[in-house]
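# Coordinate inspection notes
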Amino acid sequence: MSMRKFGAILASAAAAFALSLPAQAQNYGEAISESDLANWDISVGPDGVGLPAGSGTSAQGATVWAEQCSACHGEKGKGGPAGDLVGGVGTLKSPEHIKTVGSFWPYSTTIFDYVRRAMPYYAPGSLSDDEVYAVVAYLLNQNEIISEDDIMNAENLPRVEMPNANGFISYWPVANQ
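The subject of this paragraph is helix 3 (residues 58–73). Compared with an ideal rise of 1.5 Å per residue, which puts 16 residues at 22 Å, helix 3 spans 16 Å between its outermost C-alpha atoms and falls more than 12% short. Largest kink in helix 3: about 60°, centred on Trp65. Taken residue by residue, helix 3 has Ser58, Gly61, Val64, Trp65, Cys69 and His73 as its buried positions. On the buried face of helix 3, the contacting elements are strand 1 (55–57) and helix 5 (129–142). Positive phi shows up at Gly74, right after helix 3, with a value of about 80°.

See below:
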């Protein structure tokens, strides 16, 4: 028997043995507590379920944007190395389509969810909920979806009608149909 074949048999036997052990014997740690799980359970649905308390305006967002976002996404959401987030409305059916917050994203709440989870790139999850609402308000305003004075919060953000809201077939079930 070759060493390669012997090694494969030995690895298979070790895996089968490990799978037969109770979870405690496999040293997987301990069950996650409800409070620890709450830190990771931050999903926000299209209808706004899961949005936290807090609020922000475009003016507040402009400050956060300048400090945290403009290096990658450019001043006012255009021209940065990570791509444009502003503009492109009406281009999706053209050969030179531009997918931005204003042209592509169907739900305003998805912007909140993504920014809170993944931005800024160098420190994901570091923005406060108020800062995230402010950045979302800033992006929506730069895309001419909301006015500069509109306040984004858990009540108002899900009500924002996105330009491409009907551009997708929703996976999310619609209530009362």
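Once the structure has been displayed, the description carries forward.
Along the chain, Thr57 turns up in strand 1. Overall, Thr57 belongs to the buried group, its relative accessible area being 17%. Setting aside residues no more than four positions away along its own chain, Thr57 makes contact with Ala134, Ala137, Asp150 and Ile151.

This brings us to the packing of helix 3 against helix 5. Angle between the axes and distance between the axes: these two values describe a pair of packed helices. Remark: helix 3 packs on helix 5, axes separated minimally by 7 Å, with the N-to-C direction vectors making an angle of 100°. The orientation of helix 3 with respect to helix 5, classified from their angle, is roughly perpendicular. On helix 5, the residues touching Ser58, Gln60, Gly61, Ala62, Val64, Trp65 and Cys69 of helix 3 are Glu131, Ala134, Val135, Ala137, Tyr138, Leu139 and Asn141. Within the contact of helix 3 with helix 5, the residues separate by chemical class into nine nonpolar, four polar and one charged.

Moving on: helix 4 (residues 108–118). Along helix 4, the residues that are buried comprise Ser108, Thr109, Ile111, Phe112, Asp113, Val115 and Arg116. Lining the buried residues of helix 4 we find helix 5.

Looking now at the pattern of salt bridges. Applying the stated criterion across every chain, the model contains three salt bridges. Where Arg116 meets Asp129, a salt bridge forms, and the shortest distance between an N and an O atom there is 3.8 Å. Of this pair, Arg116 sits in helix 4 while Asp129 sits in helix 5, placing them 13 residues apart in sequence. Residue Arg159 pairs with Glu155 through a salt bridge whose shortest N-O separation is 3.4 Å.

How each quantity is defined
Residues numbered from 1 in each chain as written. Predicted model: local features only at pLDDT ≥ 70, side-chain atom pairs only at ≥ 80, totals over all residues. Heavy atoms only, no water. Helix = DSSP H or I, 4+ residues; strand = E, 2+ residues; numbered from the N terminus. Expected span 1.5 Å × (residues − 1). Bend = angle between axes of the 7 residues up to and from the residue. Buried < 20%, exposed > 50% of the residue type's maximum accessible area, 1.4 Å probe, protein only. Contact = heavy atoms within 4.5 Å. Axes fitted to C-alpha atoms, helices over the stretch in contact; angles between N-to-C directions. Parallel < 35°, antiparallel > 145°, perpendicular 65-115°, else oblique. Nonpolar A, V, L, I, M, F, W, Y, C, P; charged D, E, K, R; others polar. Salt bridge = Lys/Arg side-chain N within 4 Å of Asp/Glu carboxyl O.

In short, the description is geometric, and any link to function would need to be established separately.
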